[in-house]
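Inside the fold
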Amino acid sequence: MKTKKYLPLTFLLLTLVAACGGTDLVDQFTANQAAESGAVEVQAIHHLHDGSAGELSTEATKTFTNDLGYEITLSAAQIHFHQIRLISSGFDPECLGGQDQEVMLHASFDLMGEDLLTHHLATASVPRAAFCEFELQVGSAAHAMIKLAHDDEGETETHGESSAAFHVSGSWSKDGDMGDFAFVGMEPSELHYTFMAKEDGVVVDHALHFHEGEGLISVLIGTKYDVLFNGIDFQDHGVALEQIYENLHEAVHQHTSDHHGSAPANPEGGHDHP
């Protein structure tokens, strides 16, 4: 029974020996923590509905025809990727749930650049978990109200700026008729997907996860910009905006096909997170 009183002293001596032997317990703890986490990189890419690259004219426009026969000349197009949520539950037994991760993007993605080039949106630290699904938010609502200093007329208030989900403009023509268009989607929209991967040339449901020894996983978000205009009758402007919102669910997707490489870094787009 008397030997028990010496056990704490024994553990203390062992700790001191480990320290004298060059073992840094703080570094060891940090390394163990790091082993439980990795990083996810979110990128974006754009192309036509069949996965091919459209041509950018000398006037910096893109021309294509929608499913209703309208020839569309696109002169400006942006989509705002606000946030992606990685969902740790779903179809795969490795997706255990309880470790959903939200990665802020805050990136206004220009669809008018060269097609099939990848663009960096964000890099963030995440647990080394399996993620079966993801939810992508395009556009953002106004930030919380900010109170300003008092002035001669009393207290003034303002709201933070909101980011439009998308903005597209250009011109159209069909059967001798023609006109211009400009559509801005001010309301945010949430798009839900299952993670996929290409296996032996076939795209199948496949959880996003870390392989052994892998510290970085990637999500590539694609946009088929011509699909945004499917079903749009430019002579009926009343339903065009609503149709583009519906088309977002098909136009925006997880890209699993080929691409040309990476575009130059955009200092104004995306964020990295520790």
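These numbers come from a predicted model, not from an experiment.

For the rest of this paragraph, the subject is the confidence of the model for the protein chain. Taken as a whole, the protein chain shows an average pLDDT of 84; of its residues, 76% reach a score of 70 or greater. The model gives residues 25-34 a pLDDT under 50, and that stretch makes 2 contacts with residues more than four places away or in other chains. Between residues 154-160, whose pLDDT stays under 50, and residues either more than four places distant or in other chains, the model counts 18 contacts.

On to the nonpolar core. Core analysis: the largest hydrophobic core is formed by 54 residues, its most contacted members being Phe 81 and Phe 229. With 7 residues, strand β3 (residues 71-87) is the single largest residue contributor to this core. Aside from chain neighbours lying at most four places away, what touches Phe 81 is Ala 44, Leu 105, His 106, Ala 107, Phe 109, Leu 121, Leu 136, Gln 137, Val 138, Ile 221, Thr 223 and Val 252.

Turning our attention to the packing of aromatic side chains. Evaluation of the coordinates by the stated rule reveals 14 aromatic pairs. Geometrically, the ring pair formed by Trp 172 and Phe 234 is stacked, given 6.0 Å between the ring centres and 15 degrees between the ring planes. Residue Trp 172 is located in strand β9 (residues 166-174), and its partner Phe 234 is located in the loop between β14 (216-224) and α3 (240-251); the two are separated by 62 residues in the primary sequence. Between the aromatic rings of Phe 229 and Phe 234, the centroid separation amounts to 6.4 Å while the plane-to-plane angle is 25 degrees, which identifies the pairing as stacked. Three or more aromatic residues link up through ring pairs in this structure, and these residues are Phe 64, Tyr 70, Trp 172, Phe 181, Phe 183, Tyr 225, Phe 229 and Phe 234. Lys 174 extends its terminal NZ or CZ atom over the ring of Tyr 70, reaching a point 4.7 Å from the ring centre.

Turning next to the pairing of strand β6 (residues 133-138). The element β6 is largely enclosed, with a buried count of 5 among its 6 residues. Alignment of β3 against β6, held across 6 bridges, turns out to be antiparallel. Its bridge partner being in β6, Gln 83 is matched across the sheet by Gln 137. In this structure, β6 lies alongside strand β11 (residues 189-194), joined through 6 bridges in antiparallel fashion. Bridge pairing in β11 places Leu 136 opposite Leu 191.

Let's shift gears to unusual backbone geometry. The residue His 106 is not glycine, and still its phi comes out positive at about 50 degrees. Residue His 106 is classed as partly exposed on the basis of its relative accessible area of 31%. Phi angles above zero are rare outside glycine, and Leu 116 is one such case at about 65 degrees.

Between two cysteines, a covalent bond joining their sulfur atoms is known as a disulfide. Scanning all chains against the criterion turns up 1 disulfide. Paired through a disulfide, Cys 95 and Cys 132 show a sulfur-sulfur distance of 2.1 Å. Taking the torsion about the sulfur-sulfur bond, which here is approximately 95 degrees, the covalent link between Cys 95 and Cys 132 counts as right-handed. Of the two residues, Cys 95 sits in the loop between β3 and β4 (101-110) while Cys 132 sits in the loop between β5 (117-127) and β6, which places them 37 residues apart along the sequence. You'll find Cys 95 and Cys 132 in the same group, each marked buried.

Scoring rules and cut-offs
- Residues numbered from 1 in each chain as written.
- Predicted model: local features only at pLDDT ≥ 70, side-chain atom pairs only at ≥ 80, totals over all residues.
- Heavy atoms only, no water.
- pLDDT = per-residue confidence, 0-100.
- Contact = heavy atoms within 4.5 Å.
- Core = buried A, V, L, I, M, F, W, Y, C linked by side-chain atoms within 4.5 Å.
- Buried < 20%, exposed > 50% of the residue type's maximum accessible area, 1.4 Å probe, protein only.
- Helix = DSSP H or I, 4+ residues; strand = E, 2+ residues; numbered from the N terminus.
- Phe/Tyr/Trp six-rings, centres within 6.5 Å; stacked < 30°, edge-to-face > 60°.
- Lys NZ or Arg CZ within 6 Å of the ring centre and 35° of its normal.
- Pairing = 2+ DSSP bridges.
- Disulfide = S-S within 2.5 Å.

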